[in-house]
Every structure is written in structure tokens, then in C-alpha cells.
Amino acid sequence: MVLIGLVIIFSVLGLEKAEVRSGGFILIGPFPILIGGKSLKLLLLLFLILIIVISSLFIFLEVIGYA
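This is a predicted model, so every value here is computed, not measured. (Residues numbered from 1 in each chain as written. Predicted model: local features only at pLDDT ≥ 70, side-chain atom pairs only at ≥ 80, totals over all residues. Heavy atoms only, no water.)

Student: Quick question: what am I supposed to make of the overall build of the chain here?
Tutor: When its secondary structure is counted, the chain shows 2 helices and 2 strands. Ordered by position from N to C terminus, the α and β elements of the chain give α-β-β-α. Sorting the 67 residues of the chain into buried and exposed places 9% on the buried side. Carbon and sulfur atoms form 76% of the exposed surface of the chain, whose accessible area is close to 6,400 Å². (Helix = DSSP H or I, 4+ residues; strand = E, 2+ residues; numbered from the N terminus. Buried < 20%, exposed > 50% of the residue type's maximum accessible area, 1.4 Å probe, protein only. Areas by Shrake-Rupley, 256 points an atom, 1.4 Å probe, with all protein chains shown as cover.)

In C-alpha cells:
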């Protein structure tokens, strides 16, 4: 499959100028979140902060013996 993908990429590469765009993929449980465009860095930063806050909350609750 990798070889087929490379053949397709190189066959299309010479035909026209390619435009490269960035994107991201976040998998939270069974729910994939696809993001892209100009606000990619901001969304990734927000998800990172959210994950850190949730993890810190669970660690804190475990330390005080609540959970």
C-alpha cells in the first residue's frame, strides 16, 4: 500500500503545483476530531490544556481519597 501511495504521489507531483495544508487528528475515546486550517495551533493548545486540567483533577481527587 505504501508503494502504491508513492506511485500515486509521484505521478501527480509533476502535473501541477501542489498546495500543502496542515491538519490534525485527536482521538478521544471512540470519537475522532479532525481539525485543520489556520486555527490548528490554538485548538491543539486548548485540547492540551483541557487534558492537563482533567488529569490534574483526577490526580488531586485520588490524593485526597475522594475517588
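Student: What should I look at first to understand a nonpolar patch on the surface in this one?
Tutor: On the surface, a nonpolar cluster with roughly 450 Å² of combined accessible area is contributed by Leu-45, Leu-48, Ile-49, Ile-52 and Val-53. Along the chain, Leu-45 falls in helix α2 (residues 40-63). (Patch = residues over 30% accessible without salt bridge, like charges linked within 9 Å, V, L, I, M, F, W, Y side chains within 5 Å. Salt bridge = Lys/Arg side-chain N within 4 Å of Asp/Glu carboxyl O.)

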